Amino acid sequence: MTRVALIAHDEKKSELIEFTQAHEAQLREYDLLATGTTGKRLMEATDLEVERKASGPLGGDLMIGSEVAEGILDGIVFLRDPLRAQPHEPDISALLRICDVHDTALATNLASAEFLIEGLSD
Ligand SMILES: O=C(CO)COP(=O)(O)O
């Protein structure tokens, strides 16, 4: 089953929730995971089942990055906050880097997230 991670920084969580609601039928076809707070918010706002990793600042980005390194993740939608620095910036950079190492699909804004979700469907 196609495995997709959903992540959003606090200022972007409402955008990701709206995106997820709008694509709920499509996302139901995927095996979903998320960082801790993002996953909680998505499950409160939709009927989707989302596997929750640790919260981003506590290592959640790295946990998702490890799945990329293992080759078991097909794509990531990661809505970062482009206007505020994050305390765990090194972890965020590590996740982006490992996606490039393994050529894993990564969307960091809604326009590209649309393509990613469509592109991963069979
Ligand atoms: O910080 C994050 C990604 O870098 C997201 O973490 P949360 O989903 O736990 O807020």
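Calculation criteria
- Residues numbered from 1 in each chain as written.
- Predicted model: local features only at pLDDT ≥ 70, side-chain atom pairs only at ≥ 80, totals over all residues.
- Heavy atoms only, no water.
- Helix = DSSP H or I, 4+ residues; strand = E, 2+ residues; numbered from the N terminus.
- Rg over C-alpha atoms; globule rule 2.2 N^0.38 Å.
- Buried < 20%, exposed > 50% of the residue type's maximum accessible area, 1.4 Å probe, protein only.
- Areas by Shrake-Rupley, 256 points an atom, 1.4 Å probe, with all protein chains shown as cover.
- Near = heavy atom within 4 Å.
- Polar contact = N/O pair within 3.5 Å; in protein donor to acceptor, adjacent residues only side chain to side chain.
- UniProt positions renumbered as here; feature names shortened; annotations may be inferred.
- Contact = heavy atoms within 4.5 Å.

Visitor: Where do I start with the overall build of the chain in this structure?
Guide: Scanning the chain from N- to C-terminus turns up six helices and five strands. Order of helices (α) and strands (β) in the chain, N terminus to C terminus: β-α-α-β-α-β-α-β-α-β-α. In terms of overall size, the chain behaves like a compact globule, its C-alpha atoms giving a radius of gyration of 13 Å where 122 residues would be expected to give roughly 14 Å. C-alpha atoms of the chain, sized along the principal axes, occupy 35 × 30 × 25 Å. The buried share of the chain, reckoned over its 122 residues, is 49%. As displayed, the chain has an accessible area near 6,200 Å², and 49% of this comes from carbon and sulfur atoms.

Visitor: Got a minute to help me understand the site of the ligand in this structure?
Guide: The local shell around the ligand holds 16 residues, among which H9, K13, T35, T38 and S55 are the closest. In this structure, an oxygen atom belonging to the ligand sits 3.0 Å away from a main-chain N or O atom of T37. The contact in question runs from an oxygen atom of the ligand to an N or O atom on the side chain of S55, over 2.5 Å. Here the ligand loses 96% of its free accessible area of 300 Å² to cover by the protein chains. By residue number, the principal contributor to the shell around the ligand is helix α3 (residues 36-45), which donates three residues.

Visitor: Would you explain the UniProt feature "binding site: substrate" (unreviewed entry) in the chain in this entry?
Guide: Under the feature "binding site: substrate" (unreviewed entry), the UniProt entry names H9, K13, T35, G36, T37, T38, S55, G56 and H88. Relative to the helices and strands, T38 resides in helix α3. With a relative accessible area of 3%, T38 lands in the buried category. Contact partners of T38, with chain neighbours within four places excluded, come to L6, I7, A8, K13 and L16.

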